[in-house]
Amino acid sequence: MVTTRASVEEVWDWLADVPDPEIPVISVVDLGIVRNVAWQGDTLEVTVTPTYSGCPATSIINFEIEAALRSHGIENLSLKRQIAPPWTTDWLSGAGRQKLETYGIAPPQPAGGPEHCPLCKSTAVEKVSQFGSTPCKAQWRCADCLEPFDYFKCL
Amino acid sequence: MSVNGLIRLGDNALVLGQRLSEWCGHAPALEEDIALANIALDFIGQTQLWLGLAGEREGLGRTADTLAYTRDAWDFRNLLMVEQPNRDFGVTMMRQFLFDSWHFEALTALTHHGDVEISAIAQKAVKEVTYHRERSTDAVVALGDGTEVSHKRMQSALDRLWPYVGEMFTGDADDLTDMAALRPAFDAHAGAALDEATLTRPTSDFAHQGGKTGVRHSEHLGHMLAVMQVLPRNYPDATW
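These numbers were taken from a predicted model, which means no experiment stands behind them.

The rules behind the values
Residues numbered from 1 in each chain as written. Chains lettered and ligands numbered in written order. Predicted model: local features only at pLDDT ≥ 70, side-chain atom pairs only at ≥ 80, totals over all residues. Domains from an automatic or database assignment. Contact = placed C-beta atoms within 7 Å. Nonpolar A, V, L, I, M, F, W, Y, C, P; charged D, E, K, R; others polar. Pairing = 2+ DSSP bridges. Helix = DSSP H or I, 4+ residues; strand = E, 2+ residues; numbered from the N terminus. Buried ≥ 20, exposed ≤ 12 C-beta atoms within 10 Å, placed from the backbone. Expected span 1.5 Å × (residues − 1).

A.B. asks: Tell me what's going on with the domain arrangement of chain A, and back it up with residues and numbers.
C.D. replies: Residues and elements named next belong to chain A. By the assigned domains, chain A splits into domain 1 (8-90) and domain 2 (104-152). Taking the mean C-alpha position of each, domain 1 and domain 2 sit 27 Å from one another. Contact residues are listed per partner, giving seven residues for domain 1 and six residues for domain 2. In terms of residue class, the side of domain 1 that touches domain 2 is built from three nonpolar, three polar and one charged.

Laid out in structure tokens, this is it:
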């Protein structure tokens, strides 16, 4: 039997199908937490950075990355944690930002607050709390449609 | 590089993270409950990084978990400030504001540390702590410059906690940065916020000490550790 080693590009494609456990509409690649994929001899080395240092999703994400790569036949796998440079919301992909908005989560803005309500697009929005349902989100509210919504905090 | 310096940073985050998690399900409003739990989570994450590195550098096989769950009060190296009980919401927010104001400056200084692993943790943590400080500063201003009752409670919280500020700026060879050098930046931020909050900074600079050296913790730490450590001490083989 002849086995060929998956290319790094293929591995990136597989990882693009691994959802974030808390926000399943975006993938771990969209989130920008997969920092590197490389072969070290026979071992595939995947470097992952946490979003927030205490985020409980981090261990689930590692588990899901491992499960996905194993299902594609990767046998020797090493998951490396890298904390520097620290994760920033600048690493969210353009596609990821769009998917967040469609899902009802306002994507991060350098100004420190949402551009508009992700539901009705009104710009009359107000902060309820700097902290929300997960470490990466804040709670905001729309003054026009009156709906509360999550804002993905700039970090 | 001092292992004790790493343990100090880890213990501050651990003890305050545990304290804040005591609010979970009890805070005065749902948003506050969620915020306190989120901040507690950031602290526990930072604890894993600091104590994890301390265990590695020590080289005795201790992990972040063994350091957190199997040491007794006299081996803890946290500031006395963070082990103070939550009391009311005003005391909790004042303690947070005073600690965050110091923590932000300490971590900012540590981002320039020559040891790349220390600087990496500081760079990660200071991003989270920027949000902590913003929130606790807003809360102190809103409550201090709020109603007659909230103002009175915040002034009494400040008077109660001020004697624990001095220890944050004491230093010795175990520290990873010069703590005394952080004082002017702390005074500038905290002073401006307290003015805006219409609160009066106590005139006495008497400082309780003994937390970061481990010489004399307050009686509160042992009670807190009893709750925090009961499970791993009684069931050392327990796993998730």
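A.B. asks: Explain the sheet that holds strand β4 (residues 105-106) of chain A residue by residue, including any values.
C.D. replies: Residue and element names in this part refer to chain A. The strand order across the open sheet built from four strands is β4-β7-β6-β5, with neighbouring strands paired in mixed fashion. Where the open sheet ends on each side, the last strands, each with one partner, are β4 and β5 (125-129). Pairing between β5 and strand β6 (residues 137-142): four bridges, direction antiparallel. Across the sheet, Ser129 pairs through a bridge with Gln139, a residue of β6.

A.B. asks: Please provide a residue-by-residue account of the environment of Thr130 of chain B, values included.
C.D. replies: Residues and elements named next belong to chain B. If you trace the backbone, Thr130 turns up in helix α6 (residues 116-144). Thr130 sits in the partly exposed class, given 15 other C-beta atoms within 10 Å. Expressed as a C-alpha distance, the spacing of Thr130 and Phe99, which sit 31 residues apart in the sequence, is 12 Å.

A.B. asks: Break down helix α1 (residues 3-21) of chain B for me, with residues and values.
C.D. replies: In this model, α1 of chain B (19 residues) spans 27 Å end to end at C-alpha, consistent with the 27 Å of a helix rising 1.5 Å per residue. Most of α1 of chain B sits inside the fold, with 16 of its 19 residues counted as buried.

A.B. asks: I'd like a description of the pairing of strand β1 (residues 34-40) of chain A, backed by residues and values.
C.D. replies: Residues and elements named next belong to chain A. Both β1 and strand β2 (residues 43-48) contribute to a ladder of six bridges, which runs antiparallel. Looking at β2, one finds that Asn36 is bridged to Thr47. Adjacent in sequence and paired antiparallel, β1 and β2 are bridged by two residues, among which Gly41 carries a positive phi angle near 65°.

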